[in-house]
Structures are given as structure tokens and as C-alpha cells.
Amino acid sequence: MSTALLADDEPHLVTHLAQRLAGLWPELEIVATTGNGLEALERIQALRPDMAFLDIRMPGLSGLEVAARLTVPCRLVFVTAYDQFAVQAFEREAVDYLLKPVTDERLGRTVARLRGSEAAPLPEALLAGLRDLIRAAPAAPGPLRWIKAQAGQTIRLVGVDEICYFQASEKYTTVVTRDAELLIRTPIKELAEQLDPAQFWQIHRSTLVNVRQIAAARPDAMGRLALQLKHRPETLPVSRTFAHLFRQM
Amino acid sequence: MNDLPPAPAPWRRDQGPRMWIFLYLGVAIGNALIGLLLTVVGFGGSSLGRNVIYSECIGLTICTLIHVVFAFTKRGNWLRPLLSLAAAALGGLIGQVLGNRFTHASLHLLSGPFLKSEFIGLFFGGIGTIGFFLRERYWDLEAELKARDVLRLEAEKRGVEAQLKMLQAQIEPHFLFNTLANLAGLIESNPKLASHLLEVLNRYLRASLLRTRAEGGTLGDELDLLEAYLEVFKIRLGPRLDYSISAAAPERALPFPPMLLQPLVENAIRHGIEPQVAGGRVRITAARDGGALRLTVRDTGRGLSEAPGSGLGLDNVRARMAALFGDSATLEIAQPAEGGVQACLRLPT
């Protein structure tokens, strides 16, 4: 007799899948159902079911993360509503997957396949593929648009358009907006790499300025270039290395 | 938010060799005409040839000197017109000396005809100076118009992009397919709940289609839409989600742009509640705050602990706020000490 575990954070979907499996495959025993990835991993390791139906988006661990961490053999079927990248990867690696809402016909095919196969450890190639998928998922496309900064006990999320400039001090970087100064730990150099270079210009070893916030560039009494800002009273010195940015065209 | 980097100084753009040739050719023709005019009125009793040579010498010298003045003084400098006139006077003098050379004549300095020529030189020099000023002013205006055009087009582009993203956000496939999967399951196991879910989903889809297609609409409309949205999740997530919406009737009647609040609620669910094993609570409140309308979406979810990446749909909210309200609307997103996320939207009323 075969055993299975079902994991989905939406309780009705777990119940429904269990019912349909009971109809299609009466001999299959559902040994556990769970609503989060951590519990799914723990139960699979402990109960060693022959197969597991894993939702991809789950709290705790995603279905992909559960798969990547498994150390016991188990046939996996991923269930997802819409994860294009994951589905493409599965097609490549010939892993079974179901798209929600799952049709009877599709579930029937999966069951037929599962019935005729043995539980085996995931092949190494598949594991590598899964790890790539997990890493690729949260990668932010394009430049940094939001900065998380500590303000007392709260953490503020500041849009980069709001920021007038970044100023490095000894340990921290100060984020200066129109009406606030916040501290972050990311060094200027790292910020310069992550921000949109067309919007933030480095004008000094310790200063990154939002180009849209510049009102004018004027030479000061010493002949050095200084920037006036639209919404801040202070001026920012431009070091000679970066003065070329403001030469007249 | 709408402003662009300062435009590069455009007033120098067409000072190429062509411009110089045309300018001097124009001045030369003008000088010849002045010489002709002077002959016609019988100035100094000279021949046409002499008058034209003198006019050319004086006019071209004045033009060159005024150029020098304009090149070495800044716009807005009050010395500029004075120096230009001085250049015209000096140009008149040098031009006459040159004219003497070319015609082998000996017009005495400070004689009557000399002073007359000097006066004529000053007169046309003055006109030339005004011409130079007008030309610069014209270039300024042109540059300003161009900059304004760029700004307007940029704002329009962002507005259209934001509109498009709003339409896409409305049919987020994950939301739709997961909800349909729930419906499919509930129809068999719990038909009553299934019909409730269908009704709420219907309300949400209908409201969001109406909201995005029709101009106007009130905060009440937006909150009704959000209530349907949250109710869908309440059915799907069961005890893991709790929500409340509180707004008084006068606030609900205020006009409110579509789908401005929706992305904030979506974030609360998607990044706050859903990834948290224990789930949590979403609270939406609307209140007047001085002259502004303050909307708060507070959740007790996972907070900002995970890297927010670059998306979250917040850029879209911000772009639409800027397009609709300029600088007078603000969006603040913070993780309070007790956890979760609080998003606060302030709009002018």
C-alpha cells in the first residue's frame, strides 16, 4: 500500500486534493496533511511517505525548499497556481507537477504515473536545478528602488526617489530625505553599485546624490564646485575627481 | 518626483561655423544697405563706394566687438549692455580708422563727419546689441519649452505605464487560479461556502473592472472592492487571516482614484500574512488629518525582514500618486517596533 503527504497553506485545497485522490486511488493512504513547509519537511523525514504533493508557495519553507532539503527518498509532485519559471524547470527535469485548479484528467495521469514507479532519492541534477530555482526566485530585477532604514524602533521603507543624497560617515551611511535623516549600514560603495547610475551620481568619496534633487552646481569661494539642492538648505561639495560630471556641455 | 536632471546648457548649441558665416554675411549686407542709404540722403557728400566701405568697416568691427563682450560677460550682468554700447563706440572709431586706410582718405578724428559716423555707428550698434539680447532670450525660451515638453512627455509615459500595470495587477494570475482551485474544491465539499466565495469573487472582479474603467469613484467604492478581496483570502486562508476596515460615512464619500490602496493591501497579504505560518491580521483605517485624508494599512505579518526587492507594486502606486497629486501626496512604509508593516497614504482632499 502506498502512502502520501499533502502540503498546501490553503486548507480547502488540501481537503479537496485528499478527496479526489481517494476517488482516483482508493488504496493510497494519506499519512499527513500540513499547511506549511517546515512541518511538511519534518513529517516527510519522520513518516517517510512514498510520495508528497507540495504546494510551491507556502509559509515556513516553499515547496522547492522542502524538496532541496529532503534526505529521504520520496516521489514529489509540485502543485502550483502560476509559477512560470518553476513549471519550465520541471518540464526540463521531468518532475511531476500539477497546475491549480487541477483537472481530473491531469490528476488521473499523475496518479497512473505514480502507481507504476518506485520512490527514489532525487537525482543530483534535479537537486541542483531546484537550488538554482530557489536562488533565482527572490532576485530583484533592475536597480534598487527601496531602502530599508532604521528610525528609532521602527524600520522605514524609503523610496529612492524621495532621497536627496547619501552621506557616508564612519560606521554608517546617512540617508537624507527632504525632511528626515536616517541611518543604514550599507556602505556608499555598495549602494553605488545597486542604485540606478543614471539617477544617483557619486560626487565625492562619501557622497551619492540624487540627480533629480540637484538645483544648481556653483563654484564656491575656493573655486571648488558645490551642489545646491532643491529641498535641502545645505550644499554638497564635489570633489575634483567627479567635477567632470558638471562641466558645461 | 517628476523633475528631470537639469538640461544641458542649450544656448551654445548652434554656434557652429555655418552660423558665423550667415551672421557676418547678414551684417555685411546690412552694412551695404546702410552705406547705400547714406549715399541716397547725401551723407558727407561721399560716393557710394566710400560710404559702403566705411559702413562695412564700422559695422563688422562693431559686430565683432559686441560678440567679444557677449563671450566674456555673463547673461544677466548689468555691465553687458553698457559694455556693448562702449564696444559700438570703439567699433565706430576703429572702423573709421580702417575706412581711412582702405580709401586712403584722411577723415579727421573729431571732425563733423567723424562724429556723425560715430553716432550712426552707435545707433546701429545699439540695434545690434538688442538683436543679440533677443537672440539669447529666444534660445532660452526654446530650451525651456523643450525641457517642459520632455517633462510632460515623461509624466505622460509614466502615467500610461502605471495604468497598464494597474490593469495587469488586477488579474494577478496567482490570485485568480488559487481562488478558482478553492472554488473547485468547495463546490463538492462545502457548496454553501463555495457559493459565498463565488459571490465575493464576482463582487471583486466586477468592482475592479468598473473601478479601472470608469473615472472617478469614491473611497467607499475602493473599500468595498478591498473588502471583497480580503474576504476571498479569508475564505482561502481560513483562521490564518483576520481583517477589519473602518471608515466613517463622510470619508467614504470622498473621491478616490482606483486601485491606489489595493497594492498596499495585496502586499500585506502576500508579503506579510501568507508567508507567516501563524498568519495575522490586516486592518485598514481611513481618517481625516487636518486637510488631508490619511489611509493606513496595518498588518501583523512578517514585516520588512525579507529583502523587499525592487517591486512590491509600490513604484506603481508612487507613480500614480505623483501623476494625480504631484508632491502633495505622501506614502510612508514602516515596520513598527511591534512588528508587521504599516503603510500610510496621505492624500490632499
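Parameters at a glance
Residues numbered from 1 in each chain as written. Chains lettered and ligands numbered in written order. Predicted model: local features only at pLDDT ≥ 70, side-chain atom pairs only at ≥ 80, totals over all residues. Helix = DSSP H or I, 4+ residues; strand = E, 2+ residues; numbered from the N terminus. Buried ≥ 20, exposed ≤ 12 C-beta atoms within 10 Å, placed from the backbone. Contact = placed C-beta atoms within 7 Å. Axes fitted to C-alpha atoms, helices over the stretch in contact; angles between N-to-C directions. Parallel < 35°, antiparallel > 145°, perpendicular 65-115°, else oblique. Left-handed = near helix turned anticlockwise from the far one by under 90°. Pairing = 2+ DSSP bridges. Expected span 1.5 Å × (residues − 1). Core = buried A, V, L, I, M, F, W, Y, C linked by C-beta atoms within 7 Å. Nonpolar A, V, L, I, M, F, W, Y, C, P; charged D, E, K, R; others polar.

Peer 1: Now, about the overall build of chain B: what can you tell me, with residues and values included?
Peer 2: Across its full length, chain B carries ten helices and five strands. Within chain B, the fraction of its 349 residues that count as buried is 34%. Intrachain contacts of chain B at a sequence separation of at least 6 include 71% that bridge at least 24 residues.

Peer 1: Pulling in residues and values, what's your account of the packing of helix α1 (residues 11–24) of chain A against helix α5 (residues 173–189) of chain B?
Peer 2: Direction vectors running N to C along α1 of chain A and α5 of chain B enclose 60°, while the axes themselves pass 9 Å from each other. As summarised for this structure, α1 of chain A and α5 of chain B are arranged oblique, according to the angle between their axes. For the element pair α1 of chain A and α5 of chain B, the recorded crossing hand is left-handed. In contact with His-12, Leu-13, Thr-15, His-16 and Gln-19 of chain A of α1 of chain A, α5 of chain B contributes Ala-181, Asn-182, Ala-184, Gly-185, Leu-186, Glu-188 and Ser-189 of chain B.

Peer 1: Explain the sheet that holds strand β14 (residues 225–229) of chain A to me, using residue names and the numbers behind them.
Peer 2: In sheet architecture, strand pairing relies on hydrogen bonds along the backbone and comes in two forms, parallel and antiparallel. All names here are of chain A. Strand order across the open sheet formed by three strands is β13-β14-β15, with antiparallel pairing between neighbours. Single-partner strands in this sheet number two, and they are β13 (214–219) and β15 (235–237). Across the sheet, the mean angle separating the axes of adjacent strands is 25° when strand polarity is ignored. Sheet topology note: the β13/β14 ladder contains five bridges and is antiparallel. Counted as the bridge partner of Arg-218 is Ala-226 from β14.

Peer 1: An account of the environment of Arg-57 of chain A is needed here, citing residue identities and associated values.
Peer 2: The topology assignment puts Arg-57 of chain A in the loop between β3 (51–55) and α3 (63–69). When the 22 C-beta atoms within 10 Å are taken as the criterion, Arg-57 of chain A is described as buried.

Peer 1: So what about helix α9 (residues 262–273) of chain B? Which residues, and what values?
Peer 2: Residues and elements named next belong to chain B. With twelve residues, α9 should reach 16 Å at 1.5 Å per residue; the first-to-last C-alpha distance of 15 Å fits that figure. A large share of α9 lies buried, amounting to eleven of its twelve residues. The complete set of buried residues in α9 reads Gln-262, Pro-263, Leu-264, Val-265, Glu-266, Asn-267, Ala-268, Ile-269, His-271, Gly-272 and Ile-273.

Peer 1: If you had to explain the nonpolar core to someone new, which residues and values would you point to?
Peer 2: Within soluble globular proteins, side chains that are nonpolar generally end up buried alongside one another. Counting 69 residues, the largest nonpolar core has Ile-163 and Val-209 of chain A together with Val-265 and Val-282 of chain B as its most contacted members. Element by element, the count of residues in this core is highest for helix α7 (residues 219–237) of chain B, at ten residues. Each residue touching Val-209 of chain A, except ones within four places of it in the same chain, is listed here: Tyr-165, Phe-200, Trp-201, Ile-203, Ile-214, Leu-227 and Leu-236 of chain A. Among the nonpolar cores identified, the runner-up in size contains 36 residues, and Ala-4, Val-14, Ala-81 and Ala-86 of chain A belong to it.

Peer 1: Go over α7 of chain B, please, and point to the residues and values.
Peer 2: Taking 1.5 Å per residue as the helical rise, α7 of chain B with its 19 residues ought to reach 27 Å, and the 26 Å between its terminal C-alpha atoms agrees with that figure. Looking at the residues trailing α7 of chain B, positive phi occurs at Gly-238 of chain B, about 65°.

Peer 1: Kindly report on the pairing of strand β10 (residues 181–184) of chain A, identifying the contributing residues and their values.
Peer 2: Residues and elements named next belong to chain A. By the bridge criterion, four bridges tie strand β9 (residues 173–177) to β10 in an arrangement that is antiparallel. The residue bridging Thr-174 from the neighbouring strand is Leu-183, located in β10. Linkage of β9 to β10, two consecutive antiparallel strands, is achieved through a turn of three residues.

Peer 1: Help me get a handle on the packing of helix α6 (residues 191–213) of chain B against α7 of chain B, residues and values and all.
Peer 2: All names here are of chain B. As a packed pair, α6 and α7 sit with axes 9 Å apart at the nearest point and diverge in direction by 145°. Like other packed secondary-structure pairs, α6 and α7 cross with a definite hand, here left-handed. Taken together, the residues of α7 that come into contact with α6 (itself represented by Leu-193, His-196, Leu-197, Val-200, Leu-201, Arg-203, Tyr-204, Ala-207, Ser-208 and Arg-211) are Asp-221, Glu-222, Asp-224, Leu-225, Ala-228, Tyr-229, Glu-231, Val-232 and Ile-235. The class makeup of the residues in the contact of α6 with α7 is eleven nonpolar, two polar and six charged.

Peer 1: Now, about the environment of Ile-62 of chain B: what can you tell me, with residues and values included?
Peer 2: For Ile-62 of chain B, the location among the structural elements is in helix α2 (residues 48–72). Sequence separation of Ile-62 of chain B and Leu-93 of chain B is 31 residues, and the distance between their C-alpha atoms is 9.5 Å.

Peer 1: Just give me the short version of the environment of Ala-194 of chain B, but keep the residues and values in it.
Peer 2: Residue and element names in this part refer to chain B. By the secondary structure assignment, Ala-194 is in helix α6. Along the chain, Ala-194 and Asn-182 lie twelve residues apart, while their C-alpha atoms are 8.1 Å from each other. Leave out the neighbours within four places in its chain, and Ala-194 touches Leu-183, Leu-186 and Ile-187.

Peer 1: Go over unusual backbone geometry with me, naming the residues and quoting the values.
Peer 2: All names here are of chain A. Cis geometry marks the peptide bond from Lys-100 to Pro-101; its omega dihedral reads -10°. Structurally, Pro-101 is set in the loop between β5 (96–99) and α5 (104–115). Positive phi is not limited to glycine here, since Arg-48 has a value of about 45°. With respect to the helices and strands, the residue Arg-48 is situated in the loop between α2 (37–47) and β3.

These figures come from the coordinates and say nothing about function on their own.
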